[in-house]
Amino acid sequence: MNMKKNSILLFVVSLVFLATVYTASPARAWETAVVDNGPVLGPASLAVDGGGSLHLVCRDGLSHRLKYATNTSGEWVLSWIETNPVVTADEFSLALDTAGRLHIVLCSPGPRLWYLSNAGGLWTLTELEPGVRPSIAVDAAGYAHIGSVRIPEVWYTTNKTGAWVNEKVDPAAVMWPSATSIAVDLSGHVHLVYGSYMDSYYLDGQEAYVTNASGSWVETPLPVDLLSGGKAWKPSLAVDASNRVHLSYLGMGLLGNGFTLVHAAKQGQTFASEIASWERSGSSAPFPLSTDMTTDIGNRVHIGYTYKGTSGSFRLKYATNVNGSWEVSGSLSEGIDSTGSSIGVDSTGKVYLGYVDGTGRLLVTSGRAEGLTPMWPGTPAEASVYGEESRRRSGLFNLLAPVLVAAGAILCMRMYRRSKRLPRADRLIP
């Protein structure tokens, strides 16, 4: 009888373990710090330097001038970014160089593009060609690489030759270009992604990815995934330490049933994609807003994404493939504004998400990839660094887990019924 009890106990423990996996709780131990009580305007742009200190740039809610916040001293310190002439910002993007100096591209009313940096110690301001929806990256030598839009064209600007040079990005066709995202790999090649849309609701279009690695701008088609649906309006791009290109973007999902968070990685000359998260619709469908992505020193991917939930509030969530297959946090904020978030990760793997909430405060939420909810049923992580391992683990687990649950339940039921029918051995002893 002890063997039967032990068998029942073993299966009960197995069932509890499997139920725990399937109903994993949202991310735990995430902390939120108020950097600026505001009022400030989103979006915020966040970067993490080599020492793990944070750097944030945001817009003042009254003057629209840029403000800078950092915790390099151990405490948050706020300051104005002083420029001559004084400029205001409608849009901006931040990047750090290897020395931890800031490089900012901003769009002021007009529209006019400006490059702003404290690489020389003091803030210096340079006027560039007109443009909107800018993004910036800095190469290992400290030169700036900027993507921007001059409707209906996408342009690339750099000072890598010592003087500012502008060139139109071809051969990508643009219908209605959205925000750009740019990165530079270890070889100095530039990678740029942007959206091209056919309607003003950003639902009917396609992201375009181009690179100048061959010496001229070449477009690589992104995979067409029926489950991902039409792409949403703000893709993000990153290059990992192995020179691998990663993209994230939001799709409307199959038949409009919620939306998907898609991760794509370049393998050779093509991209492979996977669904990192799926937000299913409730009484009213959630609406995707934006993503921001980075990679860590282990080439794992970290994505912050925002969307309008079924309740009407703007939510912030986090997805990662740190453990091989994709896992997703619960809602980290229900009060984020509609401009989205900015993500960074330090050398220890700690994740930071900077954003502005609905009351105009600048916040940073931080945590680790712990206590996240696994994607189930799992999607093959073809594009992840540990793709084959993820496919084996996810595929085998998703195949065997229901079988184990069913077998355990049947065996426990049979043992229970048998214990009711048969007399206990101790009752047969006089």
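Cut-offs and rules
- Residues numbered from 1 in each chain as written.
- Predicted model: local features only at pLDDT ≥ 70, side-chain atom pairs only at ≥ 80, totals over all residues.
- Heavy atoms only, no water.
- Helix = DSSP H or I, 4+ residues; strand = E, 2+ residues; numbered from the N terminus.
- Polar contact = N/O pair within 3.5 Å; in protein donor to acceptor, adjacent residues only side chain to side chain.
- Contact = heavy atoms within 4.5 Å.
- Pairing = 2+ DSSP bridges.
- Axes fitted to C-alpha atoms, helices over the stretch in contact; angles between N-to-C directions.
- Core = buried A, V, L, I, M, F, W, Y, C linked by side-chain atoms within 4.5 Å.
- Buried < 20%, exposed > 50% of the residue type's maximum accessible area, 1.4 Å probe, protein only.
- Phe/Tyr/Trp six-rings, centres within 6.5 Å; stacked < 30°, edge-to-face > 60°.
- Lys NZ or Arg CZ within 6 Å of the ring centre and 35° of its normal.
- Salt bridge = Lys/Arg side-chain N within 4 Å of Asp/Glu carboxyl O.

Further remarks concern the side chain of Ser181. Here Ser181 lies in strand 14 (residues 181-184). Within the structure, Ser181 has its side chain in polar contact with the backbone nitrogen of Leu237 (distance 3.0 Å). Setting aside chain neighbours within four positions, we find Ser181 in contact with Ser135, His191, Leu192, Val193, Pro235, Ser236 and Leu237.

The next thing to look at is the sheet that holds strand 13 (residues 165-168). By definition, the strands of a sheet pair up through backbone hydrogen bonds, in either a parallel or an antiparallel sense. Taking strand neighbours across the sheet as the criterion, the four strands line up as 10-11-12-13 in an open arrangement whose pairing is antiparallel. A strand with exactly one partner marks an edge of an open sheet, and here the two such strands are strand 10 (132-138) and strand 13. Between one strand and the next, the sheet's axes are offset by a mean angle of 20 degrees, whatever the strand orientation.

Glancing now at the nonpolar core. One finds Ile136, Val169 and Leu192 to be the most contacted residues of the largest nonpolar core, which totals 24 residues. Contributions of two or more residues to this core are made by strand 7 (102-108), strand 8 (112-117), strand 10, strand 11 (144-150), strand 12 (153-158), strand 14, strand 15 (190-197) and strand 16 (205-211). By residue number, the principal contributor to this core is strand 10, which donates four residues. In this structure Leu192 touches Gly147, Val154, Val169, Thr180, Ser181, Ile182, Ala208, Tyr209, Val210 and Leu237, once residues within four positions along its chain are discounted.

The geometry of two aromatic rings is summed up by the distance between their centres and the angle between their planes. One pass over the full model with this rule turns up eight aromatic pairs. Taken together, the ring pairs connect Phe259, Tyr305 and Tyr307 into an aromatic cluster. For Arg65, the ring lying beneath its charged end belongs to Trp80, and the centroid distance is 4.5 Å. Seen from the ring of Trp80, Lys67 lies directly overhead, with NZ or CZ sitting 5.4 Å from the centre.

What follows is about the pairing of strand 11. A regular strand carries its side chains on alternate faces of the sheet. The buried count for strand 11 comes to six of seven residues, which makes it a mostly enclosed element. Pairing between strand 10 and strand 11: five bridges, direction antiparallel. If you follow Ile136 over to strand 11, its bridge partner there is Ile146. Hairpin connection, strand 10 to strand 11: the antiparallel pair is bridged by five residues, and Gly142 has positive phi, about 90 degrees. Between the end of strand 11 and the start of strand 12, which pair antiparallel, lie two residues.

In this section: the environment of Arg368. Here Arg368 is to be found in the loop between strand 28 (362-367) and strand 29 (373-374). Assessed through its relative accessible area of 32%, Arg368 is described here as partly exposed. Along the primary structure Arg368 and Tyr352 are separated by 16 residues, whereas in three dimensions their C-alpha atoms are 8.9 Å apart. Residues in contact with Arg368, not counting those within four places in the same chain, are Trp30, Thr348, Gly349 and Lys350. For Arg368, the side chain forms a polar contact with the main-chain oxygen of Thr348, separated by 3.0 Å.

Glancing now at the pattern of salt bridges. Summed over all chains, the structure comprises seven salt bridges. Asp36 serves as the salt-bridge partner of Lys67, at 2.8 Å between the closest nitrogen and oxygen. Placement of Lys67 in strand 4 (residues 66-70) and of Asp36 in strand 1 (residues 31-36) is noted, with a sequence separation of 31 residues between them. For the pair Lys67 and Asp36, a shared accessibility class is recorded, and that class is buried.

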